[in-house]
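# Coordinate analysis (summary)
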Amino acid sequence: MRSLLHRAAAVVLCLFTGLPAVAASATAAHAAAVQVAKYDFEDGTTQGWGPRGDGVEVGATSDAAHSGSRSLLTSGRTATWHGASITPPFEKGVTYQVTAYARMVSGEPPSTIALTMQRTPDGGETTYERVAAATVTDGGWAELSGTYAFSADSTGLQLYAESSEATAAYYIDDIVITSDTDPTRSGLSTDFETGTAQGWSPRASASLTATTDVAHGGANSLAVTNRSDFWDGPAISVLGKMAKGSKYTLSAWVRLGPDTSSGNLGLSIERRTNGTPSYERVAAPKAIPAGQWVELTGTYTLAYDVDFLSVYVESDAGTFPFYLDDFALTYVEPKPIQTDIPSAKDEVPFTLGAAISRAQTIGEHSDLLLKHFSGVTPGNALKWDATEPSEGEFTFGEGDYLVDYAVEHGLTFRGHTLAWHSQTPDWVFKDGDRDLTASPADKALLLTRLTNHVRTLVGRYKGKIAVWDVVNEVVDENQPDGLRRSKWFQITGLDFIRTAFRAAHETDPAAKLFINDYNTEFPRKREALYALVKKLKAEGVPIDGVGHQLHLNIEQPPASEVEATIEKFATLHVDQQITELDVSVYPDFVSTYDEVPAEVLAEQGYRYKELFDVFRRHKSQISSVTVWGLADDDTWLSTFPITRLNAPLLFDDELQAKPAYWGVVDPAKLPPLVRRLEAPAANPKVDGKRELEWDLLPDVPIARVGDVSATFQARSSATSLYVLAEVRDPSADRGDTVTFTVGGRTYTVRREDGHPHGPDTAVEKTPGGYRVEARFPTGPPAVPGTHVTHVTDVTVAVADASGGSQTSWTGKVTSTPAVKLTTAPNRRPVVDGVVDPAWAPAPEIRTATWIQGTSGATARARALWNGDTLYLLAQVADPMLSEESANPWEQDSVEFFVDPGNDKTRGYGDDDGQYRIGFSGRTSVGGPLDPAAIAGNLTAAAKVVPGGYVIEAAVKLPTATLRDGTLLGFDVQVNDATGAARTGAVTWSDATGQGYRDTSHWGVLQLRH
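Residues numbered from 1 in each chain as written. Predicted model: local features only at pLDDT ≥ 70, side-chain atom pairs only at ≥ 80, totals over all residues. Heavy atoms only, no water.

### Here we look at the overall build of the chain
Counting its regular elements, the chain contains 14 helices and 56 strands. With the C-alpha coordinates of the chain rotated into their principal frame, the extents come out at 110 × 65 × 65 Å. Counting the 1009 residues in the chain, one finds 53% classified as buried. Expressed as a percentage of contacts within the chain between residues at least 6 apart in sequence, the contacts between residues at least 24 apart total 71%. Summed over all atoms, the accessible surface of the chain reaches about 40,200 Å², with 49% contributed by carbon and sulfur. One way to put it: in the chain the 88 positive side-chain charges average out to a point 6 Å from where the 128 negative ones average out. (Helix = DSSP H or I, 4+ residues; strand = E, 2+ residues; numbered from the N terminus. Buried < 20%, exposed > 50% of the residue type's maximum accessible area, 1.4 Å probe, protein only. Contact = heavy atoms within 4.5 Å. Areas by Shrake-Rupley, 256 points an atom, 1.4 Å probe, with all protein chains shown as cover. Lys, Arg positive; Asp, Glu negative; His and termini not counted. Charge placed at Lys NZ, Arg CZ, Asp CG, Glu CD.)

Right, here's the structure in full:
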């Protein structure tokens, strides 16, 4: 009988609405039905339902309820089609069962209430299809139930409730949508081969047209034109295609449109909860070369209840046209976390934390977090832009959620961060439209705002957040006073730091208050931060601890520098915490892997071991170590400094333990690691002295074990391998040894009497240890008088007889050409492009190492120095000059490479530089993460002369002390252009062609009086 009544009601409603009748019947739910959506309004919101029609009001109410205590009230209607509506989580080809309950408001006449679907098929007219209907009175709840499916690509999907009584008010409740299949696991793909937009629609005024002009796969793509802003472009609803807590891979192929030479495109998600939008990056915008298809891809975990969810393509600037093709959304089947491995938090003598967002508190991510970590830090939820976007208007939704999660699960919570130069809204530093200045009134206003912000946050979480990063990244070691010139500092000086700490302490005296910064493991940053903390503590500023971020890579900086930092700050008697630890798999800012090699992951595991060895040795000074992320599927390093695959954390993107985890928990389970070292050609004298040859390269560290640590280097000749080892072992004992295994033969050198029988050895006492120098036979070359590259298996093992500690290095040592060396006399030329007499004493070097081509432009180069400045000269032979290319490295130019510390690393340090000067005098700078920071160091002049051009340059080196004997990493490169292309490139030293990202093969420049 119910089915007949519903069918009759549907027909009656169609008569007065003019809509086509769609058969709907109440069918039994399939045993395997999956709940796609449920709306019960128990949270007091409309859960995404909104008004349909002018004057309509929709709101959650407690006046009536089918179950629980609330329902949705619809009132203010003046037409039969007026009511409540929502964008449903429906997709083409899936059959849905929809059930709801309705009731008229008391005093309203009986009415037929229906659930109807509105959609617009691609290329067709908007349709209205009945899903379910029933006669409803004010005397009780009536069930509406029906099935619905559609088969054509469509946009504008809307599920709405309407009534045959045009002005009647009614309640609806307990709306449940189920499906026989789980649409959140079936994925979604579009290829435009139907010649339609396949569900994509513009975010604003953009035009979307299926086209055969170009295609990534098949014959069609989607042309995107007439964009109104950078965010305007194609979007597709994925509501119902993603489940909360599930992870998805998203991929789209894009190409620049006609007459567009450059542009960056990315993939983003818009989600809304109760109508409030939020935006999240899936794939950060990246450069799209003209004429090429580029894949935008990333993973996304839905962590929120949403009533709107779409994926869209946007640029980071401009409104240029582009093409879209072959979009795919794919469900990622989660792997269960490993429950049969030790909990990392139980294997360390301090709190082990992880940086998290809401996504890490759901499902398998939450399981992993709770098994291995005892503390958490919010990545962004407590920063100023997230908590006080407008003055006095605080938003604590995310912060409250994460703090409550931590409290519920017994996790310690680090509050990050109260005052920072980044992610602080513009209003903080303005008075209306006027920028604040350093005037007393403006300073007072800014400090008042800071005090209010600090007291509000610290007060809200008093007793729940035990540690706060009060100020973050306030040091700039390149400034004379070591302080960052942030707006905070420009307006208030140091008073913003003093104010923030004092306000936090007054609000919650029990909370531990930290100053937090990055690069504290580097000596200049270390000293600057140390001086600041010492000064502030002497003033009585309540600083309880220092946070060391430690964003490191697999090579740099050495663990010994991290240890030196911890030891330095221990003298201030402050607590120390490692706050943002991660280890990039790249030693530079530009390399990329399609898949991170297993040997790199193994190297990362040993790197984590060395670091945690340091932390364990200093457990009395370190109270917490936080890794900056839970697993590799969500790391800031996937988009910084460039978009690339990175794997910096303990667990991989499937939440499984990596070698990095074993490096922390049980290093005995690390895979074998074969390290590699180059041994440049040389014949040093074996006498235990550290001659100049050994200072041309930095020593290779051997990890500290107990009180014993060491460094070493190697050199090679046609018949021998030379090794120099510097051992730090303060407890002198005759039984202390260094054992070398070279090519399968073992040689042991004792601390006191060397090696009495066998190879040449010499032992020299040094402060806190000893030095061993040795020469080992490697055999004659195959042909007398020739040089053959040797690859020799080498182990260097250092043993402390009294303490029983032993540390070692094992790897392959390869002979290479000698390190190139030249000198720079102390003179000061005029930098004007004219070779003056000051250059005469400088030895001349020539570029003869071809890295592109075998002939072309070359240079004779010289160097001088004076004060803090290095002067460089290149006389280039090149009869045909061109600057046609837009890329400066493809123009006729000279590049000077300078490493003030001669660190010879596989990536650039902050003060390393690639200084390029074109024949017309155009300059450009590359190398470090922030080339602009060193661009001001360069002054140059160029002059075209018969047969070529002359380049003179002055490079200031403020981070180095220049004096007689100083060694600088150095190289010269000439770029030879023909038309708009570089056709040749030649250097003085580096034969790898990687000098733009790797300093390890540059030569050495020695300063002389």
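So, next bit.
### Remarks on the pattern of salt bridges
Scanning the entire structure with this criterion turns up 57 salt bridges. Of the charged contacts, one joins Asp469 and Arg414 as a salt bridge, the two residues approaching to 2.6 Å between their closest N and O atoms. Taken together, the positions of Asp469 in strand β28 (residues 467-472) and Arg414 in strand β25 (residues 412-420) put the pair 55 residues apart, joining distant regions of the chain. A residue is classified by how much of its surface remains accessible, and Asp469, at 1% relative accessible area, is buried. Overall, Arg414 belongs to the buried group, its relative accessible area being 5%. When the shortest N-O distance is used, the salt bridge between Glu539 and Arg498 registers 2.7 Å. With Glu539 in the loop between α9 (523-538) and β30 (545-548) and Arg498 in helix α8 (residues 495-507), this pair connects stretches of sequence that are 41 residues apart. Residue class for Glu539 comes out partly exposed when judged on its relative accessible area of 33%. (Salt bridge = Lys/Arg side-chain N within 4 Å of Asp/Glu carboxyl O.)

### Quick look at the sheet that holds strand β7 (residues 111-121)
Strand order across the open sheet formed by five strands is β2-β5-β10-β7-β8, with antiparallel pairing between neighbours. Of all strands in the sheet, those bounded by a partner on one side alone are β2 (50-52) and β8 (127-136). On average, each strand axis in the sheet is inclined to that of its neighbour by 25°, with strand direction left out of account. (Pairing = 2+ DSSP bridges. Axes fitted to C-alpha atoms, helices over the stretch in contact; angles between N-to-C directions.)

### Comments concerning the layout of surface pockets
Taken as a whole, the second largest pocket spans an internal volume of roughly 900 Å³. Broken down by secondary-structure element, the contributors of at least two residues to the lining of the second largest pocket are β5 (83-86), β10 (154-163), β12 (188-190), β13 (201-202), β16 (234-237), β18 (264-273) and β21 (308-315). Take the lining of the second largest pocket: its biggest share by element is five residues, from β10. Looking at the lining of the second largest pocket, its residues break down into 13 nonpolar, 15 polar and eight charged. (1 Å grid on protein atoms, 1.4 Å probe; cavity = no way out; pocket = protein on both sides within 12 Å on 5 of 7 lines; lining within 4 Å. Points joined across faces, edges and corners; volume = space filled by probe spheres on them. Nonpolar A, V, L, I, M, F, W, Y, C, P; charged D, E, K, R; others polar.)

### Observations regarding the UniProt feature "domain: GH10" (unreviewed entry) in the chain
Feature annotation in UniProt places "domain: GH10" (unreviewed entry) on residues 338-667, given in this structure's numbering. Here residues 338-667 is 37% helix and 18% strand, with 18 Å between the C-alpha atoms at its ends. (UniProt positions renumbered as here; feature names shortened; annotations may be inferred.)

### Focus on the nonpolar core
Membership of the largest hydrophobic core comes to 103 residues, with the highest contact counts inside it found for Trp468, Val471, Ile515, Leu581, Phe612 and Phe615. Examining the composition of this core, we find that seven residues originate from one element, helix α11 (residues 598-617), more than from any other. Residues Tyr248, Leu302, Leu324 and Tyr331 belong to the second largest nonpolar core, which totals 37 residues. (Core = buried A, V, L, I, M, F, W, Y, C linked by side-chain atoms within 4.5 Å.)

### Digging into the packing of aromatic side chains
Taken as a whole and judged by the stated rule, the model has 29 aromatic pairs. Seen in terms of ring centroids, Tyr661 and Trp662 are 4.8 Å apart; in terms of plane orientation they differ by 75°. Their pairing is edge-to-face. What makes Tyr661 buried here is its relative accessible area of 0%. Assessed through its relative accessible area of 16%, Trp662 is described here as buried. Counting every residue linked through ring pairs, the aromatic cluster contains Trp384, Trp427, Phe429, Trp488 and Phe496. Seen from the ring of Phe320, Arg227 lies directly overhead, with NZ or CZ sitting 5.4 Å from the centre. Here the basic side chain of Arg358 rests over the ring of Tyr401, its NZ or CZ set 4.0 Å away from the ring centre. (Phe/Tyr/Trp six-rings, centres within 6.5 Å; stacked < 30°, edge-to-face > 60°. Lys NZ or Arg CZ within 6 Å of the ring centre and 35° of its normal.)

### Regarding the packing of helix α6 (residues 440-460) against α8
Running from N to C, α6 and α8 point in directions that differ by 30°, and their axes come no closer than 9 Å. Every pair of crossing elements has a handedness; the one defined by α6 and α8 is right-handed. Taking contact as the criterion, the partners of Lys443, Leu447, Leu450, Thr451, Val454, Arg455, Val458 and Gly459 in α6 are, on α8, Asp495, Phe496, Thr499, Ala500, Ala503, Ala504, Glu506 and Thr507. Residue composition of the contact of α6 with α8, by class: eight nonpolar, four polar and four charged. (Left-handed = near helix turned anticlockwise from the far one by under 90°.)

### Considerations on the sheet that holds β21
The sheet built from five strands is open, its strands ordered β13-β16-β21-β18-β19 with antiparallel pairing. Edge strands, defined here as strands with exactly one partner in the open sheet, are β13 and β19 (276-287). Note that β18 and β21 share eight bridges and pair antiparallel. Across the sheet, Leu265 pairs through a bridge with Ser315, a residue of β21.

### Some remarks on the side chain of Glu162
Mapped onto the secondary structure, Glu162 falls in strand β10. For Glu162, a relative accessible area of 1% gives the class buried. Here Thr116 takes part through its side chain, which lies 2.7 Å from a polar atom of the side chain of Glu162. A distance of 3.1 Å separates polar atoms of two side chains, one belonging to Glu162 and the other to Arg130. (Polar contact = N/O pair within 3.5 Å; in protein donor to acceptor, adjacent residues only side chain to side chain.)

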